[in-house]
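# Structural overview
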Amino acid sequence: MARRKKRSVVMALILAALMVLFFATTIVRIGGNIAAMSGG
Amino acid sequence: MSDLQLNIASDQALGGQGTAGDYFALLKPRVMSLVIFTAFVGIVAAPGTLHPLLALVALLAIAVGAGASGALNMWYDADIDAVMRRTRSRPVPRGAILPGEALGFGAFLAVASVIALGLFVNLVAAALLAFTIFFYVVIYTMWLKRWTPQNIVIGGAAGALPPMIGWAAVTGTIDFGSISLFLIIFMWTPPHFWALALFREDDYAKAGVPMLPNVAGRDETRRQILLYTLVLLPLTFLPALLGVSGILYVTGVALLSAVFLYFAINVYRLREGAAADPACKKLFGFSILWLFLVFALIPVERLLGIASFPSVLP
């Protein structure tokens, strides 16, 4: 049981790190000034 | 048998027993570290620049792709791994991870790494990564490894591709410069693995893997090691001719290659007695250091601002 819990925690941490990394990468790919771009 | 024992037995049959460490071992971390390093050199050697974050994602995707190949290899080769001394404590033959779990884990990571590289970096790099995984798993593991003593000669292409993927991550192309890095690892693989096979011959024979020493004999293997070394060493200067490296690389490679040749000649010469096995072990050990240092010379040149020679190509 403890082994499974530890494995789940590791998996959650990896997924969280990937989420941050992919978010930052998306911002880099789109361009840093995305927030300032107008919709029109 | 009590209910508790029955539950434990059925739990093991269903899988889910592997720890995070077991799954990490499934990725062949030592192979992965060499892949990360050579891909990094490909990124540094390529003309042009890549945003550091994109370079990090590229390296991560290449590493995970290589790890996926390792997991799929361990799924398919569980029968061989269980027989060989060097591999019998791997997670699948040990029973920590079921073959089906290794297959699912490897297949998922393979697809995810190729998609991530394609979406975040470029399609050429992603296509090369997909080809590398396919080549290692299908061509090498499923076909060549159990069929021909040339297994590691042709299969070595998979291990030689990471610097080309790193290069393509920057340029989006396949160039002569990146092919020269590929060729170095490709020609390095046979003397490296045959030196290992010479002192682990009985292990491979027991598992029924047709390595050169147990098919063509030890003397022929020694001759082939020397021949491949004689082809490899001149090839090592190709990056300098193609405008990828400069004077430090050429000097360093000349010195390192002289030592490599010395060890290869020793393997060829020392065939009997107490010195024979140590000669093979020395070549095997030095070949790893040689590859690391040869590739490290390129980023060191960039760091020191040493200019590359002009390419001989127009």
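Position labels on residues start from 1 in each chain and follow its written sequence. For this description, chains carry letters from A and ligands carry numbers from 1, given in the order in which they are written. The predicted nature of this model means local features are confined to residues of pLDDT at least 70 and side-chain atom pairs, given and counted, to a pLDDT of 80 or more, with totals for whole chains, interfaces and linings taken over all residues.

So, about the packing of helix α4 (residues 52-76) of chain B against helix α10 (residues 162-171) of chain B. All names here are of chain B. The geometry of α4 relative to α10 is characterised by a closest axis approach of 10 Å and an angle of 150 degrees between their N-to-C directions. Here α4 lies roughly antiparallel to α10, going by the angle between them. Relative to α10, α4 is oriented so that their crossing is right-handed. Here A58, I62 and A66 of α4 lie close against α10, whose contacting residues are P162, I165, G166 and A169. Amino acid classes used here: Ala, Val, Leu, Ile, Met, Phe, Trp, Tyr, Cys and Pro are nonpolar; Asp, Glu, Lys and Arg are charged; the rest, including Gly, are polar. In the contact of α4 with α10, the residues fall into six nonpolar, one polar and no charged. All axes here are fitted lines through C-alpha atoms, helices being fitted over the stretch that makes contact, and every angle between N-to-C directions spans 0 to 180 degrees. Numbering of helices and strands starts at the N terminus; helices are DSSP runs of H or I of at least 4 residues and strands are runs of E of at least 2. Should an angle fall under 35 degrees it is taken as roughly parallel, and over 145 as roughly antiparallel, whereas 65 to 115 is taken as roughly perpendicular and any remaining angle as oblique. Helix crossings are classified by the rotation of the near helix relative to the far one: an anticlockwise turn of less than a right angle makes the crossing left-handed, while a clockwise turn makes it right-handed. A pair of residues counts as a contact when their C-beta atoms, built from backbone coordinates, are within 7 Å of each other.

All names here are of chain B. Along its sequence, chain B is carved into domain 1 (18-174) and domain 2 (175-314). An automatic or database domain assignment provides the domain bounds reported here. Between the C-alpha centres of domain 1 and domain 2 the distance comes to 21 Å. Tallying the contact residues gives 29 residues for domain 1 and 25 residues for domain 2. A breakdown of the residues in the side of domain 1 that touches domain 2 according to their chemical character gives 18 nonpolar, seven polar and four charged.

Let's shift gears to the environment of B:Y23. Residue and element names in this part refer to chain B. On the secondary structure map, Y23 appears in helix α2 (residues 20-26). Whether a residue is buried, exposed or partly exposed is read from the other C-beta atoms within 10 Å of its own C-beta, which are placed from the backbone; 20 or more gives buried, 12 or fewer gives exposed, and intermediate counts give partly exposed. Residue class for Y23 comes out buried when judged on the 21 C-beta atoms lying within 10 Å of it. As for Y23 and P91, which are separated by 68 residues in sequence, their C-alpha atoms are 7.8 Å apart. Those residues in contact with Y23 that sit more than four places away from it in its chain are G18 and F105.

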